[in-house]
Protein chains: 2
Amino acid sequence: MKSTEAACQYELMAARDALEVIQGKWRIPIVISLTYGTKRFGEIHRDMPDISPKMLSQELKSLEENQIITRTLYDRMPVTVEYSLTPLGQSLQNLLVELRNWGKHFRKEIVGK
Amino acid sequence: MKSTEAACQYELMAARDALEVIQGKWRIPIVISLTYGTKRFGEIHRDMPDISPKMLSQELKSLEENQIITRTLYDRMPVTVEYSLTPLGQSLQNLLVELRNWGKHFRKEIVGK
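Keep in mind it's a predicted model, so treat the numbers as computed, not measured.

Caption draft 1: Highlighting the pattern of salt bridges. Residue and element names in this part refer to chain A. Going through the model one piece at a time under the given rule, you end up with twelve salt bridges over all chains. For Glu82, the salt bridge identified is with Arg40, shortest N-O distance 3.8 Å. With Glu82 in strand 3 (residues 80-85) and Arg40 in strand 1 (residues 39-40), this residue pair connects regions lying 42 residues apart in the sequence. Using a relative accessible area of 38% as the deciding quantity, one classes Arg40 as partly exposed.

This is the structure in structure tokens:
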């Protein structure tokens, strides 16, 4: 295998590892929402009203399984549940900045706004 | 709307614009493959053998519609088709670097390799 092919395969593997965790329409937006601090289910949902509660629960569970977020239950009346980023989740910050920058660039280039 | 909420909404909009274009399991890997130069269908497919030809065609078409790649047809015997990144596609470079870096970090943290 030529060195460029090896380099390409290495980059593809790392990128696909990342994509496995953050793929889909909602996981990155949920992480972005939590970069603004610990939030409850309803607060996250308000940030992306077009997601169904069922899908939001599913994606929160997957992010928790991948150790990107933590879920804390407070045994009070009523019981409350809060979500926050783990250090691993916070380490997505640089990627989120580039994603936002590229989104702005794309909108300007394509939509002209 | 509080300023942090406004900032959060702004960031979510930009990120969702970007995700609309690069979402899914294959579009980023296709772009990574093409950062190594202009390629034919078969060469891209060799970089990700687990994608079906039908899915690869579909994702190439979507990337072309979003002006991330160009498709050039050479009317020779046999006819050949080549794909390459547009300047807009090349502008994904910073995002790809951060995605690869995070993928390596995630693998080390979670898989320990």
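There's more to say after this.
Caption draft 2: Structural detail: the side chain of Ser33 of chain B. Considering the arrangement of structural elements, one finds Ser33 of chain B in helix 2 (residues 27-34). Excluding anything up to four places from it in sequence, Ser33 of chain B contacts Cys8 of chain A together with Lys39, Ile44, Asp47 and Met48 of chain B.

Caption draft 3: Focus on the nonpolar core. Within the largest apolar cluster, 62 residues are counted, with the highest numbers of intra-cluster contacts made by Ile30, Ile68 and Trp102 of chain A together with Ile30, Ile68 and Trp102 of chain B. The contact partners of Ile68 of chain A, leaving out residues within four places of it in the chain, are Val21, Val31, Leu63, Ser84, Leu85, Thr86, Leu88, Gly89 and Leu92 of chain A together with Trp102 of chain B.

Caption draft 4: Main features of the pairing of strand 2 (residues 69-74) of chain A. Residue and element names in this part refer to chain A. In the sheet, strand 2 pairs with strand 3 via six bridges, with the strands oriented antiparallel. Directly across from Thr70, in strand 3, lies its bridge partner Ser84. Between strand 2 and the antiparallel strand that follows it, strand 3, lie five residues.

Caption draft 5: How the structure looks around the packing of helix 2 (residues 27-34) of chain A against helix 4 (residues 53-65) of chain A. Residues and elements named next belong to chain A. Contact geometry for helix 2 and helix 4: axes closest at 10 Å, N-to-C directions at 75 degrees. With respect to each other, helix 2 and helix 4 are oriented roughly perpendicular. The residues of helix 4 that touch helix 2, namely those facing Arg27, Ile30 and Val31, are Leu56, Glu59, Leu60, Ser62 and Leu63. Here the contact of helix 2 with helix 4 is composed, by residue class, of five nonpolar, one polar and two charged.

Caption draft 6: Just helix 1 (residues 3-22) of chain A, in detail. Residue and element names in this part refer to chain A. The end-to-end C-alpha distance of helix 1 is 29 Å, a good match for the 28 Å that 20 residues give at a rise of 1.5 Å each. Every buried residue of helix 1 is listed here: Cys8, Glu11, Leu12, Ala14, Ala15, Asp17, Ala18, Leu19, Val21 and Ile22. Looking at the residues trailing helix 1, positive phi occurs at Gly24, about 95 degrees.

Caption draft 7: Structural context of the relation of the copies chain A and chain B. For the pair chain A and chain B, the relating rotation is 180 degrees, the translation along its axis is 0.0 Å, and the fit reaches an RMSD of 0.0 Å. Taken together, these values place the two copies in the relation of a two-fold axis. Here 100% of the contact residues of chain A are again contact residues in chain B; the copies associate through an equivalent surface.

Caption draft 8: Examining the UniProt feature "domain: HTH hxlR-type" (unreviewed entry) in chain A more closely. As recorded in UniProt, the feature "domain: HTH hxlR-type" (unreviewed entry) lies at residues 8-111 of chain A. The annotated region residues 8-111 of chain A carries 63% helix and 13% strand content, and the separation between its end C-alpha atoms amounts to 32 Å.

Cut-offs applied
- Residues numbered from 1 in each chain as written.
- Chains lettered and ligands numbered in written order.
- Predicted model: local features only at pLDDT ≥ 70, side-chain atom pairs only at ≥ 80, totals over all residues.
- Heavy atoms only, no water.
- Salt bridge = Lys/Arg side-chain N within 4 Å of Asp/Glu carboxyl O.
- Helix = DSSP H or I, 4+ residues; strand = E, 2+ residues; numbered from the N terminus.
- Buried < 20%, exposed > 50% of the residue type's maximum accessible area, 1.4 Å probe, protein only.
- Contact = heavy atoms within 4.5 Å.
- Core = buried A, V, L, I, M, F, W, Y, C linked by side-chain atoms within 4.5 Å.
- Pairing = 2+ DSSP bridges.
- Axes fitted to C-alpha atoms, helices over the stretch in contact; angles between N-to-C directions.
- Parallel < 35°, antiparallel > 145°, perpendicular 65-115°, else oblique.
- Nonpolar A, V, L, I, M, F, W, Y, C, P; charged D, E, K, R; others polar.
- Expected span 1.5 Å × (residues − 1).
- Least-squares fit on C-alpha atoms with pLDDT ≥ 70 in both.
- UniProt positions renumbered as here; feature names shortened; annotations may be inferred.

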